[in-house]
Amino acid sequence: PGGFKAVAIDEVDLGGGVDVGDVNNPYGRIVRLRQDFPQLAIFVWGYNARNAKSPPLTILKNYADRIMVELYYSEGNTGFVEGIKSSIQKIAERCRNQDCDGILAKTVVGLATADTENWCYDCYADKDFPKHIAGEIYFIKTDGLLRNLPGIAFYSYTRTRVETQIWINKLMRYYYLEGNT
């Protein structure tokens, strides 16, 4: 629509109900977009990964180009490693031997990088927030299940300090463009 090459759909409940005939249901919108605009790239930002169900995941596998799983952890949350891994494991388990098997090939992990204004994930003055982000990225790139995901998405980059953005760009170059671990 309007000459756009891609559309992003935010706040899609991965554990929610599916009604592909209802364009007011996000899954119905995704199917309709793909049918009406087959050349359009569709990016879906989903939450509730721990309660993900195979019907919504099957729709996303078949109709979306990229699924970004929102896994936002502040630097004060020491459970980010277990949270990220268990959420992606739930998706993989739900899809194993089902129609959504293989969905991880188009799934990326969404990390929180906002360190200014509202929605700030940089909670402690005595902790190094870029080091926290580096730890999350390192974990993703070295974990047996997660290292094969095609990438990482960031929220909310517009609320991230320039210095932090530069650091994230260096990390992404190191891990994803140069292929280091």
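Residues numbered from 1 in each chain as written. Predicted model: local features only at pLDDT ≥ 70, side-chain atom pairs only at ≥ 80, totals over all residues. Heavy atoms only, no water.

### Here's the deal with the pairing of strand β4 (residues 107–112)
Here is step 1 of the chain: Within β4, 6 of the 6 residues are buried, leaving the element largely enclosed by the surrounding structure.
Here is step 2 of the chain: On β4, burial covers both faces: T107, V109 and L111 on one face and V108, G110 and A112 on the other are all buried.
Here is step 3 of the chain: Between the parallel elements strand β3 (residues 66–70) and β4, the chain passes through helix α3 (residues 80–95) in a crossover that is right-handed.
Here is step 4 of the chain: Taken together, the 4 bridges between β4 and strand β5 (residues 152–155) define a ladder with parallel strand orientation. Within β5, the residue paired with G110 across the bridge is A153. (Buried < 20%, exposed > 50% of the residue type's maximum accessible area, 1.4 Å probe, protein only. Helix = DSSP H or I, 4+ residues; strand = E, 2+ residues; numbered from the N terminus. Right-handed = clockwise from strand over helix to strand, strands pointing away. Pairing = 2+ DSSP bridges.)

### Regarding the packing of helix α4 (residues 129–142) against helix α5 (residues 162–177)
Here is step 1 of the chain: Two elements in contact, α4 and α5, have axes whose closest approach is 10 Å; the angle formed by their N-to-C orientations is 20°. Classed by the angle they form, the pair α4 and α5 counts as roughly parallel. The handedness of the crossing between α4 and α5 comes out as right-handed. Residues F129, P130, K131, I133, A134, I137, Y138, I140 and K141 of α4 touch α5, and the partners they reach there are T164, W167, I168, L171, M172, Y175 and Y176.
Here is step 2 of the chain: Partitioned by chemical class, the residues of the contact of α4 with α5 number 13 nonpolar, 1 polar and 2 charged. (Axes fitted to C-alpha atoms, helices over the stretch in contact; angles between N-to-C directions. Parallel < 35°, antiparallel > 145°, perpendicular 65-115°, else oblique. Left-handed = near helix turned anticlockwise from the far one by under 90°. Contact = heavy atoms within 4.5 Å. Nonpolar A, V, L, I, M, F, W, Y, C, P; charged D, E, K, R; others polar.)

### Here's the deal with helix α2 (residues 54–63)
Here is step 1 of the chain: Every buried residue of α2 is listed here: S54, P56, L57, T58, I59 and L60.
Here is step 2 of the chain: For α2, the secondary structure elements touched by its buried residues are α1 (26–36), β2 (41–47), β3 and α3.

### Examining the state of the cysteines
Here is step 1 of the chain: For the structure on display, the rule yields 1 disulfide.
Here is step 2 of the chain: The side chain of C95 participates in a disulfide bridge whose partner is C100; the two sulfur atoms lie 2.2 Å from each other. Disulfide C95-C100: the torsion about the S-S bond is -105°, which places it as left-handed. C100 carries the same exposure label as C95, and that label is buried. (Disulfide = S-S within 2.5 Å.)

### Some remarks on unusual backbone geometry
Most peptide bonds are trans, and most residues other than glycine sit at a negative phi.
Here is step 1 of the chain: Of note in this structure, N48 is not a glycine but carries a positive phi near 70°.
Here is step 2 of the chain: For N48, the position within the fold is in the loop between β2 and α2.
Here is step 3 of the chain: One non-glycine residue, N97, adopts positive backbone phi at about 60°.
Here is step 4 of the chain: Inspection of the secondary structure assignment puts N97 in the loop between α3 and β4.

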